[in-house]
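Structure at a glance
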Amino acid sequence: MLAHLRLFRWPNLIVVILTQYLLRYAIILPSLQVHGIEPGLSHFSFALLVLATILLAAAGYAINDYFDLRADRINKPEKIILGKSIARRSAILYHSLFNIIALLIGIYICADTGLWPFIFIFLVAPGLLWMYSIRYKKKFFIGNFIVAVMAAFVVAIVWMFDFHSLTNPIETSQPAIAAINNYVRAYALFAFLITLVREIIKDVEDIRGDSKTGCKTIPIVAGITTTKRIIVFIILSVIFLALYIQMYLIRRDFDLLFAYIILAVQLPLIFMINKTITAIEKQDYSSLSRLSKFIMFSGVLAMLIVYFYIKEGVSIVQ
């Protein structure tokens, strides 16, 4: 059981579940309810949407390990699961099974909501993750970009289904809709940038095995020094984005959220820059990868603070 949980990256799946549930129940639904708007997507359909998301993610992790086995024997031989604790062919079985179940769930949700065009999500995502594993992961920047986009889409898909399920067209002009749009854009951008940083860091961490298996990742093509500059640039972009939001928050007296962003997001990001500049060994980049996960988790938990403001009838964004 432990081996299977490791294969499917259970901590990452927990973050996905937490992100989607907090976004809906701490941001979207309270914002709609304050303005008297009833959601169109049922609680059951939403739970199925989350289940489909984590099945697609788990399938992606399984097939990635399948095709990455050669590099993993060099990069992290002590962490290899396929071929040891779990038969390698099981990864293909899990990948196929999980994607089929996710597609069936998607068909049910689209039938329940009438949003049939969205069925393409459950068809395109598995294909994109497959192509990432066999081709794009080895390409310069493309693989990093795809994973970052998928992370942002984990956020966006929740509001996509909720928004398009609203039954009254007049509701879409409400201030609540504009506020939710801004919340979702901010979190999706945050997820994109932090995930992009982490993926590039992982490429540096795995440079030895990747270089021997024909990969053309950023650190292999551009070198470690240039890659560090790219990482620092993206981190600075997140810091300045957070600073922009903080200037807005402090002018409107949202002191608690202002302080939380400093302590839980900005200070760790500044520390991350220092660690990136001084990183030398593989262990240094492993620590940076874990730190990026912590920052992502901290950013997600900020939704709880936003929830209390919304319940008091105060919108953070306009």
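These lines cover the structure that appears in this document, whether it is placed above or below. Being a predicted model, the structure only gives us computed values, none of them experimental.

Quick notes on the rules
- Residues numbered from 1 in each chain as written.
- Predicted model: local features only at pLDDT ≥ 70, side-chain atom pairs only at ≥ 80, totals over all residues.
- Heavy atoms only, no water.
- Helix = DSSP H or I, 4+ residues; strand = E, 2+ residues; numbered from the N terminus.
- Rg over C-alpha atoms; globule rule 2.2 N^0.38 Å.
- Buried < 20%, exposed > 50% of the residue type's maximum accessible area, 1.4 Å probe, protein only.
- Areas by Shrake-Rupley, 256 points an atom, 1.4 Å probe, with all protein chains shown as cover.
- Lys, Arg positive; Asp, Glu negative; His and termini not counted.
- Charge placed at Lys NZ, Arg CZ, Asp CG, Glu CD.
- Polar contact = N/O pair within 3.5 Å; in protein donor to acceptor, adjacent residues only side chain to side chain.
- Contact = heavy atoms within 4.5 Å.
- Core = buried A, V, L, I, M, F, W, Y, C linked by side-chain atoms within 4.5 Å.
- Axes fitted to C-alpha atoms, helices over the stretch in contact; angles between N-to-C directions.
- Parallel < 35°, antiparallel > 145°, perpendicular 65-115°, else oblique.
- Left-handed = near helix turned anticlockwise from the far one by under 90°.
- Expected span 1.5 Å × (residues − 1).

Helix and strand counts for the protein chain stand at 13 helices and zero strands. Listed by position from the N terminus, the elements making up the protein chain come as α-α-α-α-α-α-α-α-α-α-α-α-α. Scaling as 2.2 N^0.38, a compact globule of 318 residues should have a C-alpha radius of gyration of about 20 Å, and the protein chain matches this with 20 Å. Projected onto its principal axes, the C-alpha coordinates of the protein chain cover approximately 60 × 45 × 30 Å. Residue burial in the protein chain is summarised as follows: out of 318 residues, 50% are buried. Accessible surface, the protein chain: about 15300 Å² in total, of which carbon and sulfur atoms supply 67%. Averaging the coordinates of the 29 positive side-chain charges in the protein chain and doing the same for the 18 negative ones gives two points 10 Å apart.

Secondary-structure assignment places T213 in the loop between α9 (207-212) and α10 (218-222). Under the relative-accessibility criterion, T213 is labelled buried at 14%. Separated by 3.0 Å, the side chain of T213 and the backbone oxygen of G209 make a polar contact. If we ignore the near neighbours within four places in the chain, the residues touching T213 are R70, A71 and K138.

In summary, soluble globular proteins display a tendency toward joint burial of nonpolar side chains. Residues F161, L269 and M272 are the most contacted members of the largest nonpolar core, which totals 99 residues. Contact partners of F161, with chain neighbours within four places excluded, come to L41, L49, I109, L115, F118, I121 and F122.

Attention now goes to the packing of helix α5 (residues 88-113) against helix α6 (residues 119-134). For the pair α5 and α6, interaxial distance at closest approach is 8 Å and the crossing angle is 160°. One element, α5, and the other, α6, form an angle in the roughly antiparallel class. The interaxial crossing formed by α5 with α6 has right-handed handedness. Facing H95, N99, A102, L103, G106, I107 and C110 of α5, the residues of α6 in contact are I119, F122, L123, P126 and W130.

Taking 1.5 Å of rise per residue, 28 residues should cover 40 Å, and helix α11 (residues 224-251) covers 41 Å from first to last C-alpha, within 8% of that figure. Among the residues making up α11, those that are buried are T227, K228, I231, V232, I234, I235, V238, I239, A242, Q246 and L249. The inward-facing, buried residues of α11 contact α8 (175-205), α10, α12 (255-278) and α13 (282-311). One or two positions beyond α11, positive phi appears at D253, with a value near 65°.

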